[in-house]
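Structural overview
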Amino acid sequence: MPLSTPTGRPPLLRAEPGRAPEAWSAEHRDELRAAVAEHGSLLVRGLGLSDPGSTAAVLTRLADSLMPDREPFAPRRSYTDGVYSSSKWPPNQQMCMHHEMSYALEFPALLLFACLEAPASGGATALADSQAVFDALPPELTGRFEREGWVLTRTYHDEIGASVAEAFGTDDRTAIERYCRAQAIDFAWQPDGSLRTRQHRGAVLDHPGNGRRCWFNQVAFLSEWTMEPEVREYLVDVYGPDGLPFNTRFGNGDPLDEDVVRTINKVYETHTVREPWRSGDLLLVDNIRTAHSREPFEGPREVLAALADPVRRADREVRTP
């Protein structure tokens, strides 16, 4: 299969015209997965994906196994087990670089995205090599995160982000508490009935394929400092500084200052590659080696996502305070 690697764009493969997507994907499955293993991502163009049913079948066939979306930050529509809509995030706001479910004990090793309808403008799923990002970040910063990990705090509100029921698949307190204990998540029910959680995770992983260190976390994306200033000010005013829907800290509990988050996002941007979606595109992403984002857009946009090939953190990657 002829694969091109244009500068500033993800590796690109053009599918043979006239082939049924399911048949073509089944025939080239091993080659597609090998290309992702080598390059960290792969964009397949010309496959002609157009409806959720057949697209879900393609994504399922390309994966070894699919997994549910656990503890999401924004609701998704479920098409079938393991295949979802993209997160419902305001179209005029950037969804910054992150690794899917990097705050969880179990996360997908492979992400599959399919564009059924490309937006009129913007909306790219941009990518960044987490190995290069790790190497480019200041050593004193990566060293601290390697030693301490990172802390994610969340407060679940019905008015913003994913609700408790959407994040945990139930509103039964006993079931939620059982899940949190099993997943090493500290939790506390607030007087108003909302739920506040705290989880401590490793911030850097060794890639299972090549052993290189990967910057694997959502420290910058889920920080208060990545929010638009007016959004942050509004949320602090409404919920208080400790009641933000999400926030991140150093592993010892120290707050992050704005300069740290700005440094991380600047390095991400330096290593970002992007290609505007075209309707029918398929994108495969190594979730450990490659971070992804979603850029602001105008017009309708329909992108399906599958979370594939779950990996569980090693014991040494599960941090405790």
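Residues numbered from 1 in each chain as written. Predicted model: local features only at pLDDT ≥ 70, side-chain atom pairs only at ≥ 80, totals over all residues. Heavy atoms only, no water.

1. Some details on the overall build of the protein chain
- Per the secondary structure count, the protein chain includes 8 helices and 20 strands.
- The C-alpha extent of the protein chain, read off along each of the three principal axes, is 60 × 40 × 40 Å.
- Residues counted as buried form 52% of the 321 residues belonging to the protein chain.
- In the structure as shown, the protein chain presents an accessible area of about 14100 Å², 48% of it carried by carbon and sulfur atoms.
- Charged side chains in the protein chain number 35 positive and 48 negative. The centres of these two groups are separated by 2 Å. (Helix = DSSP H or I, 4+ residues; strand = E, 2+ residues; numbered from the N terminus. Buried < 20%, exposed > 50% of the residue type's maximum accessible area, 1.4 Å probe, protein only. Areas by Shrake-Rupley, 256 points an atom, 1.4 Å probe, with all protein chains shown as cover. Lys, Arg positive; Asp, Glu negative; His and termini not counted. Charge placed at Lys NZ, Arg CZ, Asp CG, Glu CD.)

2. A closer look at the packing of aromatic side chains
- The full count for this structure, using the stated rule, is 8 aromatic pairs.
- Aromatic pair F73 and Y103: ring centres 5.2 Å apart, planes at 80 degrees, arrangement edge-to-face. In this pair, F73 is assigned in the loop between α2 (52-62) and β4 (78-80) and Y103 in the loop between β6 (95-98) and β7 (106-117), connecting sequence segments 30 residues apart.
- Ring centres of F145 and W215 lie 5.4 Å apart, and the angle between their planes is 85 degrees; on these two criteria the pair is classed as edge-to-face. One end of the pair, F145, is in helix α4 (residues 139-148); the other, W215, is in strand β14 (residues 213-215), and 70 residues separate them in sequence.
- Using a relative accessible area of 0% as the deciding quantity, one classes W215 as buried.
- Among the aromatic residues, those joined into a cluster by ring pairs are F73, Y103 and F246.
- When the ring centre of F73 is taken as origin, the NZ or CZ atom of R154, which lies over that ring, is 3.7 Å away.
- Over the ring of W189 we find R173; its NZ or CZ atom is 4.1 Å from the centre of that ring. (Phe/Tyr/Trp six-rings, centres within 6.5 Å; stacked < 30°, edge-to-face > 60°. Lys NZ or Arg CZ within 6 Å of the ring centre and 35° of its normal.)

3. Considering the side chain of D281
- Note on placement: D281 falls in the loop between β16 (272-273) and β17 (282-286).
- At 2.9 Å, the side chain of D281 forms a polar contact with the backbone nitrogen of R278.
- D281 has contacts with L43, V44, R45, G46, L49, F113, A114, C115 and P276, leaving out every residue within four places of it along the chain. (Polar contact = N/O pair within 3.5 Å; in protein donor to acceptor, adjacent residues only side chain to side chain. Contact = heavy atoms within 4.5 Å.)

4. Thoughts on the packing of helix α1 (residues 21-39) against α2
- Orientation of α1 relative to α2, taken along the N-to-C sense of each, is 25 degrees, at an axis distance of 9 Å. What the angle tells us is that α1 and α2 run roughly parallel. For the pair α1 and α2, the crossing hand works out as right-handed. Residues P21, E22, S25, A26, R29, L32 and R33 of α1 pack against S54, A57, V58, R61 and L62 of α2. (Axes fitted to C-alpha atoms, helices over the stretch in contact; angles between N-to-C directions. Parallel < 35°, antiparallel > 145°, perpendicular 65-115°, else oblique. Left-handed = near helix turned anticlockwise from the far one by under 90°.)

5. A closer look at helix α6 (residues 173-182)
- Those residues of α6 that sit buried are I176, E177, Y179 and C180. Looking straight down α6, one finds that the buried residues subtend no more than 160 degrees of arc, so they occupy a single side. In this structure, α6 carries R178 and R181 as exposed residues pointing more than 90 degrees from its buried face.
- Capping the start of α6 is the job of one residue whose side-chain oxygen sits 3.2 Å from the backbone nitrogen of T174: D172. (Arc of directions from axis to C-beta.)

6. Observations concerning the nonpolar core
- Core analysis: the biggest nonpolar cluster contains 56 residues, and Y103, F113, F145, W215, I264, Y268 and W277 have the highest contact counts within it.
- Take this core: its biggest share by element is 5 residues, from helix α8 (residues 258-270).
- Contact partners of W215, with chain neighbours within four places excluded, come to H99, S130, V133, F134, L137, T142, F145, A203, V204, I264 and Y268.
- With 25 residues, the next largest nonpolar core counts W24, A56, L284 and L304 among its residues. (Core = buried A, V, L, I, M, F, W, Y, C linked by side-chain atoms within 4.5 Å.)

7. As for the pattern of salt bridges
- For the coordinates displayed, the defined rule picks out 23 salt bridges.
- Taking the shortest distance from any N to any O, the salt bridge between R289 and D129 comes out at 3.9 Å. Note that R289 is positioned in the loop between β17 and β18 (290-294) and D129 in strand β9 (residues 127-129), a separation of 160 residues in sequence.
- With relative accessibility at 13%, the residue R289 sits in the buried group.
- As a salt-bridge pair, R213 and D206 come within 2.4 Å of each other at their nearest N and O atoms.
- For D206, a relative accessible area of 29% translates into the label partly exposed. (Salt bridge = Lys/Arg side-chain N within 4 Å of Asp/Glu carboxyl O.)

Any link to function would need more than the numbers given here.
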